[in-house]
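# Summary of the model geometry
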Amino acid sequence: HTTEQLLDFSPWLRVIRQDVELPNGERIRDYLLTPARDYAMIVPITDDGQVVLVRQYKHGVGRVVYDFPAGYLEHDDDDPMMAAQRELREETGYTANTWTALGAYVLDTNRSGTCAHLFLARGLTQTHGQSLDPTENLEFELRPSDDILGMMQSGAMPGIGCPAAWGLAQLVLRSRHAPL
């Protein structure tokens, strides 16, 4: 296959065009890929069942939304767990004593191999103040775990990573008979 980089606004957006030969011999001309940085997303749950959420403006949807704390891996060789721990601490000031990896999942298998590395964090303690990047303008708040599904269904938490991470966290919590 031939590859041509059409656009490079790294780290925010890259567009690559390829002429591809499929395993069955069929050819696709001008196939577009949009590789991006992997990221880590955390479902942080306090011992009393509160979920730490961040609230921020997301320009892709043009409005303020709720999300689980998350952030890009800064380099290709970054450890996703360390990135998750860093992002939770920077965005909320919380640290956790129990971390469970929920898996790494490709966001759009048609466009790139970009992965969301999902984690469950428990045993939370607020140990720091927020330490935000200049481009981050967010607040965090605690919400009862019973609110989360409704927030997703209402569109308050519109990102696809949220229901994926929440569902996997619930499976882990239920399988261990742990309280929400």
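These numbers were taken from a predicted model, which means no experiment stands behind them. (Residues numbered from 1 in each chain as written. Predicted model: local features only at pLDDT ≥ 70, side-chain atom pairs only at ≥ 80, totals over all residues. Heavy atoms only, no water.)

### Topic: the environment of Ala156
Within the secondary structure, Ala156 sits in the loop between helix H2 (145-154) and helix H3 (161-175). Residues Ala156 and Asp67, 89 residues apart in the sequence, show an inter-C-alpha distance of 8.4 Å. (Helix = DSSP H or I, 4+ residues; strand = E, 2+ residues; numbered from the N terminus.)

### Details of the nonpolar core
In terms of nonpolar packing, the biggest core is built from 23 residues, with Phe68, Ile148 and Met157 touching the most fellow members. Broken down by secondary-structure element, the contributors of at least two residues to this core are strand S4 (39-45), strand S5 (50-58), strand S9 (115-126), H2 and H3. Counting residues per element, this core draws most heavily on H3, at six residues. The residues touching Ile148, leaving out its near neighbours within four places in the chain, are Val51, Leu53, Phe68, Arg143, Met157 and Trp166. Judged by nonpolar contacts, the second largest core, of 13 residues, contains Leu73, Leu88, Ala96 and Ala121. (Core = buried A, V, L, I, M, F, W, Y, C linked by side-chain atoms within 4.5 Å. Buried < 20%, exposed > 50% of the residue type's maximum accessible area, 1.4 Å probe, protein only. Contact = heavy atoms within 4.5 Å.)

### What about the packing of H2 against H3?
With their axes 10 Å apart at the nearest point, H2 and H3 run at an angle of 145° to one another. Remark: the crossing between H2 and H3 carries left-handed chirality. The segment H2 lies against H3, with Ser145, Ile148 and Met152 engaging Cys162, Pro163 and Trp166. Across the contact of H2 with H3, the residue classes tally to five nonpolar, one polar and no charged. (Axes fitted to C-alpha atoms, helices over the stretch in contact; angles between N-to-C directions. Left-handed = near helix turned anticlockwise from the far one by under 90°. Nonpolar A, V, L, I, M, F, W, Y, C, P; charged D, E, K, R; others polar.)

### Some details on the confidence of the model for the protein chain
Looking at the protein chain as a whole, its pLDDT mean stands at 92, while 97% of the residues score no less than 70. Averaged pLDDT values over the elements of the protein chain bottom out at 93 in strand S1 (residues 2-9) and peak at 98 in S4. (pLDDT = per-residue confidence, 0-100.)

### Things to note about the pattern of salt bridges
Scanning the entire structure with this criterion turns up eight salt bridges. Its salt-bridge partner being Arg29, residue Asp19 comes within 3.8 Å of it at the nearest N-O pair. Of this pair, Asp19 sits in strand S2 (residues 13-21) while Arg29 is found in strand S3 (residues 27-33), placing the two residues 10 residues apart along the sequence. Across the pair Glu87 and Arg86 runs a salt bridge, and its minimum N-O distance is 3.3 Å. For Glu87, a relative accessible area of 5% translates into the label buried. (Salt bridge = Lys/Arg side-chain N within 4 Å of Asp/Glu carboxyl O.)

### Topic: H2
Taken together, the buried positions of H2 are occupied by Ser145, Ile148, Met151 and Met152. Considered in projection along H2, the buried side chains sweep an arc of 95° and stay on one side of the axis. Among the exposed residues of H2, those pointing more than 90 degrees away from its buried face are Asp146, Gln153 and Ser154. Looking at the packing, one finds that the buried side of H2 touches S5, strand S6 (63-67), strand S10 (138-144) and H3. Gly155 occupies a position one or two residues after H2 and carries a positive phi of about 95°. (Arc of directions from axis to C-beta.)

### A few points about the pairing of S2
The side chains of a regular strand alternate between both faces of the sheet. Direction of pairing for S1 relative to S2: antiparallel, over a ladder of seven bridges. When the bridges of S2 are listed, Thr3 appears paired with Gln18. Counting the residues that bridge the hairpin from S1 to S2 gives three residues. Examined bridge by bridge, S2 and S3 share five bridges and lie antiparallel to one another. Across the sheet, Val20 pairs through a bridge with Ile28, a residue of S3. Taking the residues that link successive antiparallel strands as the turn, the S2-S3 hairpin has five residues, and the phi of Gly25 there is positive, at about 95°. (Pairing = 2+ DSSP bridges.)

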